[in-house]
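# A structural walkthrough
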Amino acid sequence: QVQLVESGGGLVQAGGSLRLSCAASGSIFSIKAPGWHRQAPGKQRELVATITSGGSTNYADSVKGRFTISRDNAKNTVYLQMNSLKPEDTAVYYCNADIRYYNGGYYYTGDVWGQGTQVTVSS
């Protein structure tokens, strides 16, 4: 089986920065399109950023210019650098990816989600 584990969340004052990491483990052969989502209390989960194998990125309008997504293929890790944080950025942040993996003698492709990491921005 494969899994994604997020880290780097925490409490930060408005205007501060955090860098989130998401490490994939297991019998992984490729990661197609990793990305980050977030879910604030009482709100729907929303897409924050995605990145392709070619390095093309896509951001929600609310974070554009402040957040940067990147990836390290050798480490099977994706990052989210968050600058100029605002209280409205407070949410649980989840990473996800379409992953090609091996299990029990077969290859699979599936959409895999991490458990999330809490980001809290105080004013």
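A few points on the structure. Remember, predicted model here, so these are calculated numbers, not experimental data. (Residues numbered from 1 in each chain as written. Predicted model: local features only at pLDDT ≥ 70, side-chain atom pairs only at ≥ 80, totals over all residues. Heavy atoms only, no water.)

### A short note on the pattern of salt bridges
This is how the line gets drawn: By salt bridge we mean one thing: a side-chain nitrogen of Lys or Arg within 4 Å of a carboxyl oxygen of Asp or Glu. A 1.4 Å probe rolled over the protein chains alone gives each residue an accessible area, and that area as a share of the maximum for its type sets the label: buried under 20%, exposed over 50%, partly exposed in between.
Scanning all chains against the criterion turns up four salt bridges. The closest approach of N and O atoms between Glu 46 and Arg 38, which form a salt bridge, is 2.8 Å. Classification of Glu 46 by relative accessible area gives partly exposed; the value is 34%. Residue Asp 61 is joined to Lys 64 by a salt bridge in which the shortest nitrogen-to-oxygen separation is 3.3 Å. Across the pair, Lys 64 and Asp 61 agree in class, each one exposed.

### Examining empty space enclosed by the protein
Heads up, the rule is: Detection works on a 1 Å grid of protein atoms alone, calling trapped sets that fit a 1.4 Å probe cavities and calling open sets with protein on both sides within 12 Å along at least five of seven lines pockets, with lining residues defined by an atom within 4 Å of a point. Grid points are joined across faces, edges and corners, and a volume is the space filled by probe spheres set on the points. Each helix corresponds to a stretch of at least 4 residues labelled H or I by DSSP, and each strand to a stretch of at least 2 residues labelled E; elements are numbered beginning at the N terminus. Under the convention adopted here, Pro, Cys and the residues Ala, Val, Leu, Ile, Met, Phe, Trp and Tyr are nonpolar, Asp, Glu, Lys and Arg are charged, and Gly plus all remaining residues are polar.
For the coordinates displayed, the defined rule picks out one cavity of 30 Å³ or more. The space that makes up the largest cavity amounts to roughly 100 Å³. If you trace the largest cavity, you find 15 residues lining it, with Ile 31, Pro 34, Asn 76, Thr 77 and Val 78 closest to the centre. Of all elements in the fold, only strand E3 (18-25), strand E8 (67-72), strand E9 (77-82) and strand E10 (91-103) reach the threshold of two or more residues within the lining of the largest cavity. Of the residues belonging to the lining of the largest cavity, the class tally is nine nonpolar, four polar and two charged.

### Focus: the pairing of strand E11 (residues 106-113)
Condition: Between any two strands, pairing holds if DSSP finds at least two bridges.
By the bridge criterion, eight bridges tie E10 to E11 in an arrangement that is antiparallel. Bridging across to E11, Ile 99 finds its partner in Gly 110.

### A word on the sheet that holds E9
Threshold: To get an axis, a line is fitted to the C-alpha atoms, and for a helix only the part in contact is used. The angle between two axes follows their N-to-C directions and goes from 0 to 180 degrees.
Within the open sheet, the four strands sit side by side as E1-E3-E9-E8. Their pairing is antiparallel. Two strands bound the open sheet, and with one partner strand each, they are strand E1 (3-7) and E8. In this sheet, neighbouring strand axes are inclined to one another by 15 degrees on average, regardless of whether the strands run parallel or antiparallel. Sheet topology note: the E1/E3 ladder contains five bridges and is antiparallel. Bridging across to E3, Glu 6 finds its partner in Cys 22.

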